[in-house]
Amino acid sequence: MSKIPQGPAEPTRFRVLGAVTVEVGGDRVTSGPPQRQAVLAALLLRCGAVVCLDQLLTDVWGDESPLSAARILRTHVWQIRRQVGPELLESVGDGYRLTVDPEHVDAHRVQDLVNSAAQAQHGSRVEECSRLLAQAVALWHGDPLAGVPGPFAETERERLGELRFTLQEKRMAVDVSLGRYGRVIPELLAFTQQQPFREGPYGSLMRALYAAGRQAEALSVFARARRVLGEELGIEPGPQLRSLHERVLADDRTLAAAHLPESLAELACEGWSVKRALSRADGGGTVRPAQLAPDVSDFSGRRTLVAELCAILAEGPPHALPVVSVSGMAGVGKSTLAVHVAHRIKDRFPGGSLHVDLRGSRREALDPGEALGGFLTALGIPAHAVPPQCADRARLFRSVLEDRAVLLVLDDARDAAQIEPLLPGSARCAVVVTTRRHHLTGLAVVRHVPLGVFGIEESCELLGRIVGEERLGRETPAARRLVTACGNLPLAVRIAGSRLAARPAWEVAHLADRLEDERLRLSELGHGPTTVTASFARSHRLLNEWQDDALRRLAALDAPLIRPGDAATALSLSGEETRALLESLTDAALLESASPGDYRFHPLVRAFARALPPRIPRVRCVTV
């Protein structure tokens, strides 16, 4: 079970309402064999509490644990700790404590939503109650703790399954009170077929049918319930269902409106207005967010560019939102530059700063609606007042920022469609966007910066700040060889410098010699939580089959420049197809455009591509 690097803005998230899964650094990873899942589930559902070894043994094996159970369990804990990080899973006495924000565990998130729904119901906020219950039910993605063994999992599986049915039943009853008969009647028909012994849904279905003018069908629902309960359980329907049956028979005209709260009409009409949301915000929506990631203490180089971007963002055009985009290959320092610039000018934005990782270089990019939800709550809008739809959230977001000067850093964007809902309408705000794409088609920017690697002097400056100027001065020629072997890529220089800083007895020349060997280069730059390989791999995972094949074939060429004719021969494609592939790899920041028509690899990208494992050929299935 490999541990995937996780940045500070990427919390580890857990799912137990279905197959047990773990999401680390924005990527979903395996949660291990069933017994390990059982250990993880026992810790997750008691997160924040110390669970002793004996309790865990009972949770997983019951009263008949094997002699090797304690050793096996400790191995599972060790593997889980490798995956989620030692800061989350700690040993306490003879037990363990998993310290996780309940917001990041779907089962605990359900409880928060249920609590909020109960408050909304108490306050006669019926629309909100329905929405919160629907959000809670949507967190299930199958049978809870699917395939997880042990007595604890079995008990929790039954509890969480019952909770799911109760929330579905409650949400449908609320929707009936809201008059959503066209949507809720088919749901109730299916639910009563799947759960024939629960009387509540029969009652909700009878109410909905009667209110929709289908009295005879409402009576037939009671007849079906009476038959099922009598034949299967030998009992009669309960007093509430019998009373409801009598009211339908009597054609009680008050039946449809009996459960409608007084504020229902106002809620349905007013909807998610800006005035309503702001009126519920603490302090009238005047919270000042400060979400910027920390600036690095050893930032170096880019002096002219930093000054230019600071001037553009702090003193942009008077009537237009200043947007700056920074693009470039993985590891070139886009995020570091954006955060450094933002810290330099943040005092010019008294409304605060917002920062989000859009995860554009991962398989599942962040939905802009989710990003807007985080922004709105950071700006003081209560969670229950955040609209459910992305378009409504975007309108509310722009309204909240209309009279405020806020600085936004939108990191690792995938495309313009992901960014556009997150842009304020006010020219008093400013936005910095980073992306691995070399262009974001359709996005209006004041300045686009295609960020390149460092020059050799800038690389040596960064290396000196990490290992010390005195040490660097003693081995200047070796230092220049080292940063050259790193391709002057800031991430690679930082990793190499960190290795040297942790090994004061090493000579710089020793690491430089190893980095000059292409066979060792990536492994030497693969230590610590962040690696060059992992950074490139994110871009590689987004390639389609044709792009992946082209990357591998082109990396095998030894020429420093890749010319279209040579590439077409290597790829066995026409000139136009080759040019399209070359441009797509350039847009993905895996190739560089050396000049019009000519391309080249960064040496580390070439080494990465050459080290990729062989592709598994697709097998074409022929149906006879």
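First things first, this report covers the structure right here in the doc. In every chain, residue numbers begin from 1 and rise along the written sequence. Given that the model is predicted, a residue must reach a pLDDT of at least 70 before its local features are reported, and side-chain atom pairs must reach 80 or more before they are shown or counted; all residues, however, enter totals for whole chains, interfaces and linings. With hydrogens and water stripped out, all remaining heavy atoms of the structure feed into the side-chain values.

1. Observations concerning the sheet that holds strand β4 (residues 50-52)
Turning to step 1, where the next piece is worked out: Any two strands are treated as partners once DSSP identifies two or more bridges connecting them. The numbering of helices and of strands both runs from the N terminus, where a helix is a DSSP run of H or I of at least 4 residues and a strand a run of E of at least 2. Judged by pairing direction, the sheet is antiparallel, and its three strands sit side by side in the order β4-β6-β5 without closing on themselves. Both outer strands of the open sheet, β4 and β5 (89-92), are each paired with one neighbouring strand and no more. Geometrically, the sheet is characterised by an average inter-axis angle of 30° between neighbouring strands, direction not taken into account.
Turning to step 2, where the next piece is worked out: Here three bridges tie β4 to strand β6 (residues 95-98), and the two strands are oriented antiparallel to one another. Bridging from a neighbouring strand, Cys-52 pairs with Gly-95 of β6.
Turning to step 3, where the next piece is worked out: Each of β4 and β6 is contacted by helix α2 (residues 53-61), which is oriented at about 75° to β4, the strand it contacts most.
Turning to step 4, where the next piece is worked out: Sheet contacts for helix α3 (residues 69-84): β5 and β6; angle to β5, the most-contacted strand, approximately 140°. In this description, a line fitted to the C-alpha atoms serves as the axis of each element, helices being fitted only across the stretch in contact, and the angle between N-to-C directions of two axes falls anywhere from 0 to 180 degrees. Throughout, a residue-residue contact means that at least one pair of heavy atoms, one from each residue, lies within 4.5 Å.

2. Points about the sheet that holds strand β8 (residues 352-357)
Turning to step 1, where the next piece is worked out: Here five strands make up an open sheet; going across it, the order is β8-β9-β10-β7-β11 and the pairing parallel. Because the sheet does not close on itself, it has two edges, and the strands there are β8 and β11 (447-450). Ignoring strand direction, the axes of neighbouring strands in this sheet form an average angle of 10°.
Turning to step 2, where the next piece is worked out: When β8 meets strand β9 (residues 406-413), the two strands line up parallel, connected through six bridges. Residue His-355 lies in a different strand from β9, and its bridge partner there is Val-409.
Turning to step 3, where the next piece is worked out: In the packing of helix α13 (residues 303-314) onto the sheet, the strands contacted are β7 (323-327), β10 (430-435) and β11, and the crossing angle to β11 comes to about 155°.

3. Description of the side chain of Asp-357
Turning to step 1, where the next piece is worked out: Looking at the element boundaries, Asp-357 is found in strand β8.
Turning to step 2, where the next piece is worked out: Here Asp-357 falls in the buried class, since its relative accessible area comes to 18%.
Turning to step 3, where the next piece is worked out: Counted as a polar contact is a pair of N or O atoms within 3.5 Å, where, for protein atoms, one must be capable of donating a hydrogen and the other of accepting one, and residues adjacent in sequence contribute only when both atoms are in side chains. In this structure the side chain of Asp-357 is engaged in a polar contact, spanning 2.9 Å, whose partner is the backbone nitrogen of Arg-359. Partly exposed describes any residue whose relative accessible area lies between the buried limit of under 20% and the exposed limit of over 50%, with all areas from a 1.4 Å probe on protein chains only and scaled to the type maximum.

4. Some thoughts on the environment of Arg-180
Turning to step 1, where the next piece is worked out: Along the chain, the position of Arg-180 falls in the loop between α6 (151-177) and α7 (181-194).
Turning to step 2, where the next piece is worked out: Measuring from C-alpha to C-alpha, the distance between Arg-180 and Ala-208 comes to 8.3 Å, with 28 residues separating the pair along the chain.
Turning to step 3, where the next piece is worked out: Beyond its immediate chain neighbours, meaning those up to four positions away, Arg-180 contacts Glu-127, Ser-130 and Asp-175.
Turning to step 4, where the next piece is worked out: Among the polar contacts made by the side chain of Arg-180, one reaches the side chain of Glu-127 at a distance of 2.5 Å.

5. Describing the nonpolar core
Grouped burial of nonpolar side chains is what soluble globular proteins tend to show.
Turning to step 1, where the next piece is worked out: Ranked by size, the top nonpolar core spans 79 residues in total, and within it Leu-337, Leu-482, Leu-525, Val-532, Phe-536 and Leu-554 carry the most contacts.
Turning to step 2, where the next piece is worked out: Ignoring sequence-local partners within four residues, the contact set of Leu-525 consists of Cys-486, Ala-492, Ile-495, Ala-496, Leu-515, Thr-531, Val-532 and Leu-604.
Turning to step 3, where the next piece is worked out: Among buried residues, those of type Ala, Val, Leu, Ile, Met, Phe, Trp, Tyr and Cys that are joined through side-chain atoms within 4.5 Å constitute a nonpolar core. Core analysis: the next-biggest nonpolar cluster, separate from the first, contains 53 residues, Leu-40, Val-51, Leu-53 and Val-60 among them.

6. Describing the pairing of β10
Turning to step 1, where the next piece is worked out: Across the six residues of β10, six count as buried, placing the element largely inside the fold.
Turning to step 2, where the next piece is worked out: Here β10 shows a buried face lined by Ala-430, Val-432 and Thr-434 and a second buried face lined by Val-431, Val-433 and Thr-435.
Turning to step 3, where the next piece is worked out: Of the pairings in the sheet, the one linking β7 to β10 comprises five bridges and is parallel in character. Considered in β10, the bridge of Val-323 is made with Val-431.

7. Here we look at the packing of aromatic side chains
Ring pairs (aromatic) are described by centroid distance and by the angle formed between their planes.
Turning to step 1, where the next piece is worked out: When the centres of two rings from Phe, Tyr and Trp lie within 6.5 Å, Trp using its six-membered ring, the rings pair. Their planes under 30 degrees apart give stacked, over 60 give edge-to-face, and anything left gives tilted. Applying the stated criterion across every chain yields a total of three aromatic pairs.
Turning to step 2, where the next piece is worked out: Look at Phe-165 and Phe-191: their rings are 6.2 Å apart centre to centre, the planes differ by 75°, and that puts the pair in the edge-to-face class. One end of the pair, Phe-165, is in helix α6; the other, Phe-191, is in helix α7, and 26 residues separate them in sequence.
Turning to step 3, where the next piece is worked out: Of the residues examined, Phe-165 reaches a relative accessible area of 26% and is grouped as partly exposed.
Turning to step 4, where the next piece is worked out: Classification of Phe-191 by relative accessible area gives buried; the value is 4%.
Turning to step 5, where the next piece is worked out: Measuring from centroid to centroid gives 5.8 Å for Phe-536 and Phe-608, while their planes differ by 70°, and the two rings are edge-to-face. Residue Phe-536 is located in helix α24 (residues 532-541), and its partner Phe-608 is located in helix α28 (residues 603-610); the two are separated by 72 residues in the primary sequence.
Turning to step 6, where the next piece is worked out: For Phe-536, a relative accessible area of 2% corresponds to the buried category.
Turning to step 7, where the next piece is worked out: Note on Phe-608: relative accessible area 4%, which makes it buried.
Turning to step 8, where the next piece is worked out: Note on geometry: a ring has a charge over it if NZ (lysine) or CZ (arginine) is within 6 Å of the ring centre and within 35 degrees of the ring normal. The ring of Trp-78 is capped by Arg-82, whose NZ or CZ atom sits 5.2 Å from the centre of that ring.

8. Considering the pattern of salt bridges
Where charged atoms from two side chains of opposite charge come close, those side chains can pair.
Turning to step 1, where the next piece is worked out: Salt bridge, as applied in this entry: a Lys or Arg side-chain nitrogen positioned within 4 Å of an Asp or Glu carboxyl oxygen. Taken as a whole, this structure holds 33 salt bridges when the rule is applied.
Turning to step 2, where the next piece is worked out: Among the salt bridges present, the one from Asp-513 reaches Arg-481, with a minimum N-O distance of 3.0 Å. Taken together, the residues Asp-513 in helix α22 (residues 508-515) and Arg-481 in helix α20 (residues 476-485) connect sequence positions 32 residues apart.
Turning to step 3, where the next piece is worked out: Here Arg-481 falls in the partly exposed class, since its relative accessible area comes to 29%.
Turning to step 4, where the next piece is worked out: For Asp-598, the salt bridge goes to Arg-563, with nearest N and O atoms at 2.8 Å. Taken together, the residues span a long stretch of sequence, with Asp-598 in strand β13 (residues 598-600) and Arg-563 in the loop between α25 (545-555) and α26 (564-571) at a distance of 35 residues.

9. Focus on the environment of Val-77
Turning to step 1, where the next piece is worked out: With respect to the secondary-structure elements, Val-77 resides in helix α3.
Turning to step 2, where the next piece is worked out: As for Val-77 and Leu-40, which are separated by 37 residues in sequence, their C-alpha atoms are 8.0 Å apart.

10. Some remarks on the packing of helix α1 (residues 34-44) against α2
Turning to step 1, where the next piece is worked out: Where α1 contacts α2, the two axes come as close as 9 Å, and the packing angle between them is 125°. The pairing of α1 with α2 is recorded here as oblique in orientation. For the crossing formed where α1 meets α2, the hand is right-handed. Contacts from Gln-35, Ala-38, Val-39, Ala-42 and Leu-43 of α1 reach α2 at Leu-56, Asp-59, Val-60 and Trp-61. Note on terminology: angles under 35 degrees are roughly parallel, angles over 145 are roughly antiparallel, angles of 65 to 115 are roughly perpendicular, and the others are oblique. Crossings are assigned a handedness: left-handed for a near helix turned anticlockwise from the far helix by less than a right angle, right-handed for a clockwise turn.

11. Quick notes on the packing of α25 against helix α27 (residues 575-587)
Turning to step 1, where the next piece is worked out: For the pair α25 and α27, the least separation of the axes is 10 Å and the interaxial angle reads 90°. In this view, α25 runs roughly perpendicular relative to α27, as classed from their interaxial angle. Contact residues: Trp-546, Gln-547, Ala-550, Leu-551 and Leu-554 in α25; Leu-581, Leu-582, Ser-584 and Leu-585 in α27.
Turning to step 2, where the next piece is worked out: Under this grouping Gly is polar, as are all residues other than the nonpolar Ala, Val, Leu, Ile, Met, Phe, Trp, Tyr, Cys and Pro and the charged Asp, Glu, Lys and Arg. By residue class, the composition of the contact of α25 with α27 is seven nonpolar, two polar and no charged.

Everything listed here is a matter of geometry and, on its own, says nothing about what the molecule does.
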